Every structure is written in C-alpha cells, then in structure tokens.
Amino acid sequence: CILTFIIYYVMSMKKTVTSAVILAPPQHTWGPIQRIRSQYDKAYERWMPHINLLYPFLPHDHLEVAAAVLTNALSSVQPFRVSFKDFGSFDHSGSSHTIWLSPNQSPGGSIEDVQRKIQGAFPMCDDLSSRASGFVPHLTVGQCKGEAATQQLIASFASGWQPIEFTVTELYVIARTEDKPFAIVHTVPLGKTVEIPKQLQPVVPAAQLYYEYTSDGTPSQPLPLEIAPDGFAYAASFARSDESRVAVHLRLKPPPLLETGISPQTTTKQFFVVLDVSGSMAGAPLNEAKQSIIALVNALHEQNARDITLITFNNACSVIPIGESTSVINAISAGGGTSFLDCFKTMSKCMEQAYTRNNNIAIILLTDGQDTSDNQPGKPLLSAALASMKTLLEQRYSSSEMHTLGFGRDHDARLLLELTKGASSPGTFQYIKAPSEIDEAIQSILGLVSGSSAPSVSIRDATGQLHRVLMQREPTENENDLVYEGTAFVPHVSGSPLTLELQIMHSTGTKSGDHHVTPLSVRPVERAPGSLREEIELRVGCLQSRIADLGSRVIKPGVPREELNECNREIGDIVLQVDGLESIVFKSKSRVDRKTLMPVLQEVREYIGTFLTALAGAMTNTLTNEKIANLTSLAYKEVTKKGLQKRLAQRAGANVELFDKLEGLVQKAVASINFQELEKKPLPDIYNGIGACALSCMTWDEALRDGDCMCISLDVARSEAAIADPSQVVIRSINQTFVTSESFLDSVQFSLSRDMAAHGGFGRDVSGNIVVGTARESITGVLPLYICEEHWAVARHRIKPLMGWMTTLDIMGYAGSQLRTIPFLVMAKAAFDLTSEFKHNIFEMVKRTCVQIYKEASGPHFEVQDRMSTQVKDIFERYVSDPSVRTVDRVPSNHAFLTQVMCAVEMGDITLSLHDAGDMWNQFWSAICEEEMRRLTPYKYKQLDEGGKIHLFSRMLLPDMARYVDPHVAAYEAEETKKANASAQPGGDALAIYGEVFMKQLRIVDQGMADRLASEAASRIAPAGGSGQAGNDKDDPHVQVIMAEPTEYKGDVTPEAWEAMQTVINDFEGVLIRNVHPLLAFRALLSKDNTKVGHAGDVPYAQIGADTKEKIASLVMQCIMHYRNADRRDAIASGKYLSPFVQDAAKQLLQRTYVDLITRERQARTNAIDDRLRQQRSSEVINKFCSANDAIVAAGMMMDMVKFQGHRDYHSLICALKRKDCAIPIEKLTMLLRGEYLGVRIFLDVFDGQPEGTFVTWHPSRKNLFPIWMCHRALLTKQDWLDLVQHMDDIRALLEKYYARY
C-alpha cells in the first residue's frame, strides 16, 4: 500500500540515531565530568562524555567506509588543544534547560572547522548545523527545569571545577544496538589519509548499449554535424539509460543568421508578462510582483528587447505596452475576481497583432487564483479559449515558450501545467509559497527567455507521441556561430526497434511555421561506459523523467484505482534504483564524485517524497491543489536552475573584452611607476607586518614589479543568490596570511584540477579548501589592499576577477556591484574584532582600501546619480525620516552600508558631527538596529500565518473580551434573533423590516426621493422605525458591533500583558545580543570611541532607544508583522508602519492592534451567529424573495441577506428568479445584474482603483441565464432583454442564440 512506500522512503534517507561521529576527551579525564553526569544527565548510561559532530549518522553496515571517508576529509587537520573551563546552558520550550561544558580551543584548531569538513563529506547529515543557532560545540552534563534553578546549578558546578585540558588527535565513530550503550566502533585520526578497502570500492556499472547517428550509419565520435538540404546541421547520440528509457542527446546548428539580419547577441522575441491583479493579490504579493517585473523589464531592456507587453487581469483585462519607462507598473492596483476566460481571449488578440512584428514569443504568467468566469461543468468556454490560443501559437509562431508561476495554495495548478505545455518550446512552472520567492523565480525565468531564440525541437517516438527538447546554446569561439544542444528521455522498451523522428520548427526572415522533419536512424555499437558521474547523471535524468510522467498521470482528475496502484509499484521500483545509485556513489573513492552526486540523489529523493504525497492524496481523494503544485514545480526544477546559470554565462561573455584588456592596463600601470622613488617613500606603520606572500615568497613591492598585488586572505562562502546579489557573500574570517592575487588564482586552478569541489560550491554553510595559510587556516578568497597609490594602480585591475571568483566561482562573473559590496563586507567583519594590535592594523588596511574604492566609485566619470557618494549620502540622510529606504531592496546589507557611511565620513561627504548631533545619531542608530532585528526575526515567528499572528498578539496584549466583546455580541444576537423571528411571520410587518433596511441607505444618497417613496409606500409598507433620518452602513447592527471601539484602551502595556509577552521579548533580546550587538563596533568607530569596540556584552532594549514597555512591545510586534520586506514596504506605503521609538506612535500601534483584535473577535462571533440564523431561515429565503412585490423590499432583502456576491444566500436569490411565480422578476434581475438600485449600492463588493460610483455586476452563467429567460421572456421584448445585458457581450450573444433557436 502507499503507506508502506512512504515509510520505505523515509527509511531510505540513510540516517539513524544509533550511530554518530563524536569528539571525546581521553578516558583518564572523565572522572569530574562523570560525577556530575551521573546525577544530572538522563543520558548518562547511554552516552560517554562527548561532543556530537554528526548525529544522526549512517546505518552500521556503512560505518567502515564512512570512517575511511572521514579520515581522508580530515587529512589537512592537525591535532589541536581543547580545554573545558566554563559551563553554559540551552533553554528549550517549557522552561527546560540543558547544561553543558563549553570547549575552549587553541588558535590553531577549531571544532567548528572540523565539523564543517566532515559534514562536507556527508552533506545529508546536517541536523546539527541546520538549527537556527547553527552548530554549537558542547559537552552535555545535565538537564534542569527553570532559569533560576539552572543558573544556581551552574554556579555550584563552577565553584569547585578544575579545568580539563587535552590534545585532540582523533575522532570516533560510535554505534549502539537496541538499548545498549554507545561504543566506539572506528577511530578517525587527524592529519592522515587511508585507502578505501577494495571490497568497499564501488562497482562500476557494466557496459551499456549505445546508439549513435551519422550520415552513413557508422559509429563516430565525436559526433559530426550532418548538413541537411535546408541548411540545418544536426547530430544525435543515444544511450540506454535503463530498461524503459533511451536518452537522446541532440546538437543542432540552424541556417546562417546572416540571411535574416538578426544578431545572435540581440533578443528578437515578443515578450508578454501576464499578471493576475485580483483582490487576493493585494498587498505584499502584488508589491513583490511589481518590483520583480520592473527588474525583469529593465534586464530585458539591457539586451535591447523593446517589444514588451504587460497584460493585467481580474474580471477584465488591461493591455499596457511597456516602453522605456516602467513607471506604469507601479500604478497597478488589485481588486475583483479572476477571469482566465477574458485573459486568454485578450492574450490571443495581442498575439495576433504581435505576429505581424515578430514570430518568436515568450509568455510569463503569474496568478494566485482559479477561474471565476466560466461556471459551467468542465469549463467548456475556458477550454475553448485555451485551445484557440494554443492553436494560434502552433500555427503562427516559429518559437514560443510559456513560463507560469502559481502563487499561494489556491492557484489552479492543473491549468498552469496545461499552459506550460501549450507552447512549442518547453516552458516552466514554479510554485511560489511566499511573496519573497517571487523575485528569485522571475530571475530564473529571465535566464531562460533572454538572448536569441533557440529552435523549437521535438522528437516523435514510434507511438506518435511528441517529446519537446529544451535546447540551450553551446559556448562557441565565434559569437555569430550558434550551436544548440539538449537531451530528452524517450520511453522505449529494451530489445524493441528504436524508431524516432526529429521535428524542428524554424523561421527564415519573416516566414514562420516551417517544419524540418528527419528520421533518426540508429544502429547499436558497444562502447565502454563513461565516468561514474556521467553514468549516474544519465540514470538520474531518466528517473526524473519517469517520475514526471508518473506525476502527470496521478494529478489528472478521476484516475482509476488500478492505474494508481500501477504508479505505486513503479515508484517503488524507482526508490530501489535510487538506493542502488546512492550505494555506488557512497562507496566511490573520489570525494569529488561523492560531493557532487550525493546532492543530486537527495534532490531525486525529495522529488519522490513529493510524488508519494500526491499519490497518497489521489488514493484517498485528498489530492489538494498545493500537493499538485509542489509536485509540478519540482518537475521543472532543473530547467529553472539553468536560468540562473545562463545569466552568469551572459555576464561572463560581457567581461571577455574587459579582461582581455586587463593585462595591458596592468603593464601600463607598472611601466609608469618609479620604483627607486617608491623605495624611499615612507608608509604608515600598519603595513610593517605584511611581510612576504605565503605562496610566492615575494614582498609587495617585488610583486608590484611583476604586475601583481598583495592581498589579505579570507575564508568566504556564498549562496547561489550571490550571483544576482553580492551581499549574500559571507565573510567567515579574515586570516593573518598575506598572498598575492596571481598566486592565489594559480592555487585556485591547481586545487580545482585535483578536486573540482575544492571551492566549496554554493552554500552559506559549506567550506572550500583552496589553499592552507600559515596558521593552517582555510583560504578561499582574497582582497587586494591599498598600500600606496602605486600599488593600487595595479590592485584596482586585479581586484575585478577576484570579486567575480568569490561571488560566482568564476572570474568572468564579475559585476560592478561586487566591488561596491564585498570589500565593505570585509571591512565590517574586521570592525567586529579589534581586540589586538594586529587586528586593528588589519581593519585600518581594509578601511583604507574601501575608502579608495569609495573615492573612485564617486568620481566624475560617473553620472551624479550613479556615484557611490550620492547614493550613500542620500540613504544616510533619509534613513531616519523615510523608512522605505531601509529595506533590503535599498540596503542589502546594513553592515556594508555602515562601512560605506564610515568611508563617506572619512571623505567628508557626510559631515555630521556625531558628538554635537547626538539626538539625530541616536535616531539613526535606533532605526538601523530595528531594521536588523526585523531581518533577523526568529524563524518560529516567520512561520506564523495571519491566524497565528493574531493568536500570538492576543496572548501578548490580553484584550478584555469579557468587557469589549461579550456584551456587544450578546446584544447583536438578541437583535438578530428578534428580526429573524419577526421575518419568519407572514404579512406586511415582516417585509417592512427589509424595506426599512434599504430606505436607511437611500436617505444618504437622495433624501428627497426617500421621503417621496416613503410617502407612496405608507399605504403598502408599515415602517419598522422612524423615517426621514439619515443612516449609513454603520446603522447595520452587524456593523455597529464590529465598529464599536474600546475607547478606554489607550495603548498602555498592563503588568499582566507585560508578563504574558516576556517569551517573545526574550526571543528578540537574544537577536539583539547575538546579532545586533556587532553594530556597536560601528557606532563606537564612528564616534571615535574605540574603547567600546569588539567587546561582547548585553544590548538591552533601552540601548537602542526602546526604553518603555510600549516601545519594546511595538518594536517586536512590528518585526513579526513585517518580517518580509514586501510586507514592510506595504505597511510604509499604506501608513500602517509607526516608529516604535516614539512613545505616542508606539501606543498608537498597540491601540490599533488591540482594536483590531477586538474587531476580529467580534466579527468571528457575529458571523457565527449569522450562519446559525441563516441555516434556520434558509428554507424561507426563496419563498419570501419570490413573494416580495415591492422593489424597495426586494432591494432591502438583498442588502440584509447578502453582504457579498460570493455569499451562499446569493445563490438562493438566483434560484428564486428561476420560478414562474416570482413577483417583479425583471426589477429583481436588474438589481442583481447592476448591483445597485436607485443609486444605492446593494452589495459590498468593490474593486480597487474603480471610479467613484462604479458598481460590481453579476455575470450570469449559461446554466442560470437560460432558465431565467425561459420563465420570464414574455415580460420583455427581445430588444429590452438585449438592452438589459448591454454591457456583457458574451451574454448578449447567448440571448441571440436563444431567440434564434426558440
């Protein structure tokens, strides 16, 4: 059954709690530790004294080879000293605490570095380092309840403790069976290497059956490009990837582009960006989408793409051509429903027009909803519109691609998947769970759609099924020479004839739609297998293809049980194959293969797990849209990753010319230096300790003569996001070793030739191993230094490829933003620790370098608005007054920004006297600390949805529900019950209640008309209340209850509330101490008070300006409310953000939140009352509405029973109109269609951005329109019926058909 396979999947993750890798003190030192543990540690009998490094670890049958792998991973680590002197504690939920010994380490060794190295060998064992606090080395000695008791116990331990010191020479692999204690099973020495036993080496797969295609049918390698009569050149190779698939690898060269006049460096596509602006997109999602689309358009403009059209849709569509300016995008607002029907029709019209300009098209669509325009079963109108659009793409466009993004849980994943498959070239689908993910998704698509259009290529198999191939451009020496390659996995049963056909859709000039069709004849040839990596990647691609096919079968509605069982069996076979591949990789002697391929297999396991979740949902009829979206998004994950890679390749291409000139510029700079004068030139004392390069042994002046420069060495890491945002580079440490730039790059080349994973890859927590410094530290990056003008003349050129390397792992990946960011991140790191003269000198060296970079980036060769000085000064001056400049899109790194401010002060661009303008400086300090706290909001609060935040704030503010909610709701319930009982009685009095509901609103709109109608109706309707009095929505008792504010609450934090919010306040105080405290270094340096620099200590809230309970509460609550950048920007734009450091504003925020909590609680309870009463009267609704023969009464019934058109009683009103005995049906139908009567809005639906007085209309479906028309067609002429729906073209067309047929 499916549960069996889910359990098997979890078991196959290859980790177990019965094994671990530990650091343990020598046994002769255990005595004092065990005396404490025997009394206070519940794990005393199971565990020896230890520090966990990897836990959980691998099953026991893998431990022998694991020990060998661990030994080789630690071959560069030498023994080091560790001592246990101090005690510490962790606090857990429920007042539970763990007490531990903290290891103090010698300068030459680091437990953290050891842990990083061995985790790099086993990346799946990241349980200890993936915690919010990261890996914290500790030796547990006990557990305790309560903070006070814990501190008392620690004090008693420390009072008689004698430090324990020892040398770490080895680690241990330990294991246990059943309930027995852990025991050492393998020893892992430091600084040694071992051979993996032969019996544990991987079994290389047997030779596979390969197929190759050439013009004469003979095997050939490498494959030549065969020239076809129409100018296409192509080649294909085939490999049996498993018993069910054949991998087809294609290389393709289109006809020369000289005939078309199109440059391969210029994109010639028509771009459509289609954005859902329905009401559910309002707020953070739309704001984030707009910013991402602006970035997309700007990037396309840089590639000379000018044919860009934005289509927005809700109930209707707007077409916005995008010219040079993107300002129109910012004006977009959200509101209304989601009409894909109108969207597809508008897209088709636009594509018809675009076809006359261009025959290559790329479409990007983002939505968060499902169609609300076609309410018929099976949505035939929507299906027809979609089919028409697909036909248009196929017939008119030589190349088309569709990329869809589904935001949130409620989008139509099946529809978006169908859209993605509707174009001629493979598109992508991405599931976006949070607004913050929109930008990354758009960036990945940018890499796929930019540049020249690749041909649309498909392979037709023997069954007639087409398999689209994603073709990507190969790098070639000649930039005008276009060659594309791609791979497809085609189903084929082993042993049967392989019959394939290649189809290429292409265009020449303005002609489109031509097809090149070629049969791919193949013959078998025996060939030795490729490398282990090639074999594994081939098999993984095949498995992913199989899972994708299974996923497309499972997500279809109404899949038979037998087919689901078949999918279940096939995924089980795939799981077994992944197990086998993982075993082969795990036993490989090559660390490079293990490090490269294990993450690939982990991604396949993630894909399997998501598929199993969807399969379980299909089997139990609980297949939600979210499960479909997760599965479909993973199917396209590999394609979207290639988008970022392509962006990097484009940047590298742009840097070729720059770096070709670099050597000439360096030689020119060297030639201009008078070295005799340079030798006499005095230098500041800080440079006395530089010495010679640890690799080349050259001094800085000797390196300068050789066209090189001296650098400070670094240990860095980066995520893939650093490709687009260099602030994502992490400066782990600044080392004491100095090296020259060229010797470092030589070391990079040498290290990568031996180990392709030596750079550490992309990951903020992984470490590289390029070169080892003089203190055995890891060097993975360098920063050229400003020593003097002559040295900088060379360093300014050498620094660029180094920035590219540290950010993108490619020297050709350099971008100007890197030079404006990374050196300043290094300076920030140096500022955090000035506890020695050497470290202070390092800081001064880096600072002088950053000042020089700042100076040059602010020079006259830049436009004023692009100068660094202009940007830094502008942000600094507005940082306090304008909160919108603080967010990540304006200031990616507060640390880097503060160092830039220091440089601006040094250069005189910022002349603020920090001693004389203390108040302004304090405000700036408070603002930057608040922003840093917001960005570092603890993870558990980031996970809260809207309901979770409301619950949390209720527990913090403790609103008085008994006082402000209970009496109001009780009164409302009594009033509504009375009205419900009265309306249930027959006669005019009951109907008069509804008439008065409408009359109250009419008095606001037109008092005179209200008086006249009241007089005319006096004989027919007995008013339920006084007449002639003005009223509005607030006269509704439901609205009265919700709007009544607790005016007594002024925003003060009560002692009870202060006690209740302590957990949250303490969590954020931890953020202050751990993360915001380093900013003290900048404050001290800017105020020239170095006595405060680099010393750890507490940072109480008062120190950052939150000196009252109200300020603290509003500070942490707004951090939780707006932890996403888009949410903070939205709050600022709407005026909802208030400064937590101003007492009145802080109290206003608390009061507003308090009132909101009261309002929400009241609304929830009154809605429950409405639902209960509505259920009681639902059977009477249709009869009363039918019998109402007065339009005022009918309008009042609509207003009272139906707040919004989506309301359940709205359907009851429509059903009433289908009855022949319905009184005044035309008047009632008119109200429903127009949403108003006598100028009074009947329903509360409204769209953002609509003109005043615009009403929301009902758009009837075919199943509702036809029976209403059949019942009452005789009451109006044909023309009157058509006039009634004059604003609905599709409804008018339906009526024309009805009149023609009946």
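**Q** Help me understand helix α37 (residues 1109–1121) in this model?
**A** Along an α-helix, a turn takes 3.6 residues, which lines up residues three or four apart on a common side. Here α37 spans 18 Å end to end across 13 residues, near enough to the 18 Å set by a 1.5 Å rise per residue. Burial within α37 is extensive, with 12 of its 13 residues counted as buried. Restricting attention to buried positions, one finds in α37 the residues Glu1110, Lys1111, Ile1112, Ala1113, Ser1114, Leu1115, Val1116, Met1117, Gln1118, Cys1119, Ile1120 and Met1121.

**Q** Would you mind going over the pattern of salt bridges with me for this structure?
**A** Between side chains of opposite charge, a pair can form when the charged atoms approach closely. Counted under the stated rule, the structure contains 36 salt bridges. A salt bridge links arginine 934 to glutamate 931; the shortest N-O distance between them is 2.6 Å. Residue arginine 934 and its partner glutamate 931 are located together in helix α26 (residues 918–935), separated by 3 residues, close to a single helical turn. Judged by relative accessible area, which is 1%, glutamate 931 ranks as buried. The partner of glutamate 931 in a salt bridge is arginine 935, with the nearest N and O atoms 2.9 Å apart. Of this pair, glutamate 931 and arginine 935 both sit in helix α26, 4 residues apart, which is roughly one turn of the helix.

**Q** Please explain the sheet that holds strand β27 (residues 729–740) as it appears in this structure.
**A** Sheet strands associate in pairs through backbone hydrogen bonding, adopting either a parallel or an antiparallel arrangement. Reading across from one edge, β27-β26-β30 is the order of the 3 strands in this open sheet, with antiparallel pairing throughout. Both edges of this open sheet fall to β27 and β30 (781–784), since each of them pairs with a single strand only. If you compare each strand with its neighbour and ignore which way they point, the axes differ by 35 degrees on average. Both strand β26 (residues 710–718) and β30 contribute to a ladder of 4 bridges, which runs antiparallel. Residue pairing for β30: isoleucine 712 is matched across the bridge by leucine 783. The strands touched by helix α23 (residues 837–857) within the sheet are β26, β27 and β30, with β27 carrying the most contacts at an inclination of about 100 degrees.

**Q** Looking at this structure, how should I read unusual backbone geometry?
**A** Backbone geometry follows two general trends: most residues other than glycine have a negative phi, and most peptide bonds adopt the trans configuration. The omega torsion across tyrosine 55 and proline 56 is -5 degrees, close enough to zero to call that bond cis. The backbone phi angle of arginine 776 is positive, close to 65 degrees, even though this residue is not glycine. Structurally, arginine 776 is set in the loop between β28 (771–772) and β29 (778–779). Here leucine 958, not a glycine, exhibits a phi torsion of approximately 50 degrees, which is positive. Tracing the backbone through its elements, the reader meets leucine 958 in the loop between α28 (946–957) and α29 (961–964). Residue classification places leucine 958 among the partly exposed positions, given a relative accessible area of 40%.

**Q** Even after reading the chapter, I still don't get the state of the cysteines, so can you show me in this structure?
**A** Defined simply, a disulfide is a covalent bond joining two cysteines at their sulfur atoms. Evaluated as defined, the whole model comprises 0 disulfides. Unpaired in this structure, cysteine 1222 has its nearest cysteine sulfur neighbour in cysteine 1186, at a distance of 4.4 Å. The exposure class of cysteine 1222 is buried, given its relative accessible area of 6%.

**Q** What's the story with the packing of helix α22 (residues 822–831) against helix α25 (residues 894–907) in this structure? I'm lost.
**A** For any two helices packed against each other, one specifies the crossing angle of their axes together with the interaxial distance. Contact geometry of α22 with α25 gives a least axis separation of 8 Å together with a crossing angle of 90 degrees. Judged by the inter-axis angle, α22 sits roughly perpendicular to α25. Between α22, through Phe824, Leu825, Met827 and Ala828, and α25, the contact on the second element is made entirely by His895, Ala896, Thr899, Gln900, Met902 and Cys903. Of the residues in the contact of α22 with α25, the class split is 7 nonpolar, 3 polar and no charged.

Conventions adopted
Residues numbered from 1 in each chain as written. Predicted model: local features only at pLDDT ≥ 70, side-chain atom pairs only at ≥ 80, totals over all residues. Heavy atoms only, no water. Helix = DSSP H or I, 4+ residues; strand = E, 2+ residues; numbered from the N terminus. Expected span 1.5 Å × (residues − 1). Buried < 20%, exposed > 50% of the residue type's maximum accessible area, 1.4 Å probe, protein only. Salt bridge = Lys/Arg side-chain N within 4 Å of Asp/Glu carboxyl O. Pairing = 2+ DSSP bridges. Axes fitted to C-alpha atoms, helices over the stretch in contact; angles between N-to-C directions. Contact = heavy atoms within 4.5 Å. Disulfide = S-S within 2.5 Å. Parallel < 35°, antiparallel > 145°, perpendicular 65-115°, else oblique. Nonpolar A, V, L, I, M, F, W, Y, C, P; charged D, E, K, R; others polar.

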